[in-house]
Amino acid sequence: MLAVARRGDNLRTPLYALPMIRPTLRAVPALAALAFVFAGLAPAASAALAPCRACAGVLVDDPLVLLAAAPGAPALASGAFLAAGYNLTPDSYASPAVARAVEKAGLIPWVRLGFRTAAPLVDHATDLQLEFAAAAELARQAGPQARYEIVWTPVAGDVTAADEAFLLKRAAVAITGAEPEAEIASGPLPADEAFLRAFYAEEVAAYLDLVTLSPPALADLPRFAALVAELDPGRPLAIDALPFPADPRQAPLEVGRWLAAGASLVLFRTPTLTAESLAPLRVLANELVGDLSLDPGSAPGGAEAIAFVRGEDLGLRLLVATPEDRGTATLRFDDPQLREPLGVDLKTGTATPLPAPRREGPGLVLRLAPAGPVALLRLSRPTVAELAGISEQVDVAGERPIPVEEILRRLQASEDAQQRRLLHYQAVNATTLRFQLGSGVQSLEATFQGEYFVRQGQAFDWAWQELYINGVRWKGKKLPEIPLIQPEKAAAMPLEIRLGKEYRYRLRGTETIAGRSTWAVEFEPTTAAAPGRTLYRGTVWVDRETFHRVRSRTLQLGLTGEVLSNDETLDYSPVDANGQPTAWSREAYVLPLAARGQQILSVVNSATVVERETTLSRLQINGPTFDARREEVLASESTMVRDTDKGLRYLVKDGTGGERKVQEKLVTHKLFALGGAFWDGALDFPVPLVGVNYFDLDFRGGKRQLNAFFGGVLGIVNYADPRFLGTRMDLGVDAFVFGYPLGDSIYRNDKEVVAETVRELPARVTLNVGYPLGSYGKLEGTYRLSYSNYRKGEETASDFRIPSDHLEQRLGLELQFARSGYRLRFDGGYHRRSTWEPWGYPGNPEYDPEAKDYLTWEGSLSKNWYFAEFRKLGLEVDYLGGSDLDRFSKYGFGFFGGNRVHGYQIGKVRAEEAWAAHLSGGLEIGKAFRLEAIGDVAWATDAASGLDRELLAGVGLTGSFIGPWETLVNLDLGVPVAGPDDGFTIYIVFLKLFR
């Protein structure tokens, strides 16, 4: 499949720099002089730009021949259409003088653009772009009156319908982007049904104003005209080209014959042309002005004749074959309303009355003494008003609905025109990634900011000159290189012109976006995206005045691997040549200055939601220092990335000359050192956290993931294969061990019963299997095997029996859905203990042997809102419930787990059912310190503890800053403010990244 990428389309080469164009520039002065000479000889052409329905023209090989014959008599009437065509090859595109001279002479410039790029086009995209650039420059200078016939005669290779259609669409976009009023004709296409059907199957109709055929046999033309009408209803048909008759007076009749067979425009080819030989076609053009239609029913008997009727006055124009050796010709008309016959001189256009006709019955008999082989007659009829005795009234309501194909063509043309003006631009790119961590409203926010360089036809370069983590500025001299998780490149972008039909489009209607009236165009792949070949579904909003994009929204389909979902919304804004905001217009540069999106990543057995926001500021359009500044940044120590065909890659300096090169192998692993402490009332002393964390997104190849943390008493290992057996399924294993026993207390009537304290040493291993549901959800099944080792605390009563150590199996099912910042989660699990013996005091009523098996279920809904200056507001609501729960299987509200109430200690309060809400708000202080206030509330119910929708509430304060030696310091403080707990929690950790 061929896609001449937008980068290639952006190539704008000055004409004097094209080697194949330069040789013909010597001809420009002569052509320009002829244009000046002829400029005052005739009025400017005033024909309407809509394609004609009964027209003719001539084609010459040498434009100078055409210019010599263009001025002459009779003068063309207002609205008359006579095409004057000539060939231009790529090396002559540089001169629009011919088109201007033809227009000044009153003719319609018909430019046959001869593209020479070899076939197949997929192998010669660069050559094709050079021809498109030259054609666009010609159209820009030639003005709106010219018609362009796209002629492809490759220097090598065979022409196919798909290649022909692709070239025509791309040429049409380039030309109409430079001159929106220009009209495009195909061909000449072969008169072959299979070829024409294949050609139109490439959806070319919206790019054509006329379809041009090589002349078939005249008798076959009605069949091909009917085929074109089937494939492209209402599209005019042109014939390129008939040999010019030896006797120019025969040309009007020849035109009439082809028009009668179904053509709308007939072109003649001639090596030579004079003003005298062109005169009969001038006369014909004047006579065929207006709303003209073929009228076979009005043709007379007695001679070959072709009749046309004018809609405005019902007048008749008649072309009659009159052999000169036959003397007088007798024409018999059946229409009794015909009157006032006039003969039109084919040399001068003078109309003279013919001998009075006689009436024979209801008809009319006219004797004609021809002065040549062809007679051109006028006959009139009574007008509609005369026949009906009333005036005619025409009501026009509404506006013509625009087809979606035309919207796309105009959008492509406007973008093509901009890309030829926009050589390069630079800006400051600020991209923020917000990682939703597990469940709840806690998130990690990282902002990369720096200079951004875009040159048309090349990959962009982006320097990471500043990094903010949760709003705190990184103080190191060089920013760290982090693993880059990104979706696969799409096989085809929507709205591009390609070889093959990748997308289908539908006009949803009109909508107002950012104060602009737009067309909303939906798109989706024509077939389901195959694994490993991604495409998009979405909507583009197109400005109804300028045909620029105002907004686009895309959802990537067919993703595999660690990126489960990727959607993005781009907002476009107009700027002027100085990069400042301006009004919407064709002259403005319309660029995507803001983007927002969401990705769902499968990272070590967790569906991680990443919200992304990008803004471009401080724009410089075609700035004179672009190259110098880019080289200066490349030579700096800034971390840099480049957009490549495989996605973002680091630009690293080589070990010798310091030149930047693309780092082909992605950085997939990082090693961190970690130190800190955790303490709450459930522990006898602060637990030190000292260790290392190793993270690898391509562990032992195959895109397998490993995260391993060892920090004193805490050990966590996660392993995952997000492309299990080449599918979208992910398979992984989690292991968790805590080497210091955690306290488990119980409250009754708001008082802690220390005599029933139990300490637990936990460890567990979990097998995870996940599969994405659609583009925003994920279903995950888990099997967890955990071991609980119980022991008494120092204050535990001697006759209090602790639970038996046991293994516990859990089968769980979790469903997650995330979109537009909202996250919805449901989780349910079936638990079975290997053994469950009596515990507590003898005859403990809380012990139930049925609690060996129990069920848990929970649901949550959360949303974060982000504001300027790294401010944030988060809200989450949860429901927790279960069946056959006991003290050691109920929900807790301590530091570990997703049900935390700040300040509440591990194992102090448990509930069999709870509703909870969490509110957080954060801000940064001087870009050096981040503070976030958190409020947690839960309404807990537990019969054994005497809780009946008891209010548990806590407040917390989290913060982060960059410490010495480029360490990231995080702290978390919590204090209960309502409910039975009265302790507090402290967590502080230092994280050091080793490159």
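Please read all numbers here as calculations on a predicted model, not as lab measurements.

When you go through the chain residue by residue, the secondary structure sums to 13 helices and 53 strands. Relative to its 995 residues, the chain shows a buried fraction of 54%. If you take every contact in the chain between residues at least 6 apart in sequence, the share linking residues at least 24 apart comes to 64%. Carbon and sulfur atoms provide 57% of the accessible area of the chain, an area that totals close to 42,100 Å².

Turning next to the sheet that holds strand β1 (residues 55-60). Within the open sheet, the eight strands sit side by side as β5-β4-β3-β2-β1-β8-β7-β6. Their pairing is parallel. Looking along the sheet, the strands with just one partner apiece sit at the ends: β5 (183-185) and β6 (211-213). Here the average twist between neighbouring strands, direction ignored, is 25°. Sheet analysis places β6 next to strand β7 (residues 237-243), joined by three bridges and oriented parallel. Along β7, the bridge assignment pairs Thr 212 with Ala 238.

This next bit is on the sheet that holds strand β9 (residues 292-294). Read from one edge of the open sheet, six strands run β9-β10-β11-β17-β13-β14, paired in antiparallel fashion. Only two strands of the sheet have a single neighbouring strand rather than two, namely β9 and β14 (351-353). Taken pair by pair, the neighbouring strands of this sheet meet at an average axis angle of 30°, ignoring direction. Sitting on the sheet, helix α9 (residues 251-260) touches β9, β10 (305-310), β11 (316-321) and β17 (374-380), and the angle it makes with β10 is about 75°.

On to unusual backbone geometry, then. In this model, Ala 73 is joined to Pro 74 through a cis peptide bond whose omega is -5°. When you line up the elements, Pro 74 lands in the loop between α3 (63-69) and β2 (82-88). With an omega of -5°, the peptide bond between Asp 240 and Ala 241 qualifies as cis. Among the secondary structure elements, Ala 241 is positioned in strand β7. Here the phi dihedral of Arg 618 falls at roughly 50°; this positive angle occurs in a residue that is not glycine. Examined against the element boundaries, Arg 618 turns out to sit in strand β29 (residues 606-621). Given the relative accessible area of 66%, Arg 618 is considered exposed. Positive phi, close to 60°, is recorded for Asp 884, a residue that is not glycine. Considering the arrangement of structural elements, one finds Asp 884 in the loop between β46 (871-883) and β47 (891-892).

This paragraph deals with empty space enclosed by the protein. Taken as a whole, this structure holds five cavities of 30 Å³ or more when the rule is applied. In this structure, the second largest cavity spans a volume of roughly 100 Å³. The wall of the second largest cavity is formed by 13 residues, among which Ile 746, Tyr 747, Arg 910, Asp 942 and Ser 945 lie closest to the centre. Of the residues belonging to the lining of the second largest cavity, the class tally is five nonpolar, two polar and six charged.

Time to look at the packing of helix α6 (residues 161-178) against helix α12 (residues 404-421). It is at 7 Å that the axes of α6 and α12 come closest, and there the two elements cross at 65°. Looking at the two axes, α6 sits roughly perpendicular to α12. For the crossing formed where α6 meets α12, the hand is right-handed. Across the interface between the two elements, Arg 170, Val 173, Ala 174, Thr 176, Gly 177 and Ala 178 from α6 touch Arg 409, Gln 412, Ala 413, Asp 416, Ala 417 and Arg 420 from α12.

Mean pLDDT over the chain works out to 84, with 90% of the residues at or above the 70 mark. Confidence drops under pLDDT 50 across residues 1-50; counting only partners more than four residues distant or on other chains, this segment forms 116 contacts. When the criterion is pLDDT under 50, residues 390-398 qualifies, and its contacts beyond four places in sequence or with other chains add up to two contacts.

About the thresholds
Residues numbered from 1 in each chain as written. Predicted model: local features only at pLDDT ≥ 70, side-chain atom pairs only at ≥ 80, totals over all residues. Heavy atoms only, no water. Helix = DSSP H or I, 4+ residues; strand = E, 2+ residues; numbered from the N terminus. Buried < 20%, exposed > 50% of the residue type's maximum accessible area, 1.4 Å probe, protein only. Contact = heavy atoms within 4.5 Å. Areas by Shrake-Rupley, 256 points an atom, 1.4 Å probe, with all protein chains shown as cover. Pairing = 2+ DSSP bridges. Axes fitted to C-alpha atoms, helices over the stretch in contact; angles between N-to-C directions. 1 Å grid on protein atoms, 1.4 Å probe; cavity = no way out; pocket = protein on both sides within 12 Å on 5 of 7 lines; lining within 4 Å. Points joined across faces, edges and corners; volume = space filled by probe spheres on them. Nonpolar A, V, L, I, M, F, W, Y, C, P; charged D, E, K, R; others polar. Parallel < 35°, antiparallel > 145°, perpendicular 65-115°, else oblique. Left-handed = near helix turned anticlockwise from the far one by under 90°. pLDDT = per-residue confidence, 0-100.

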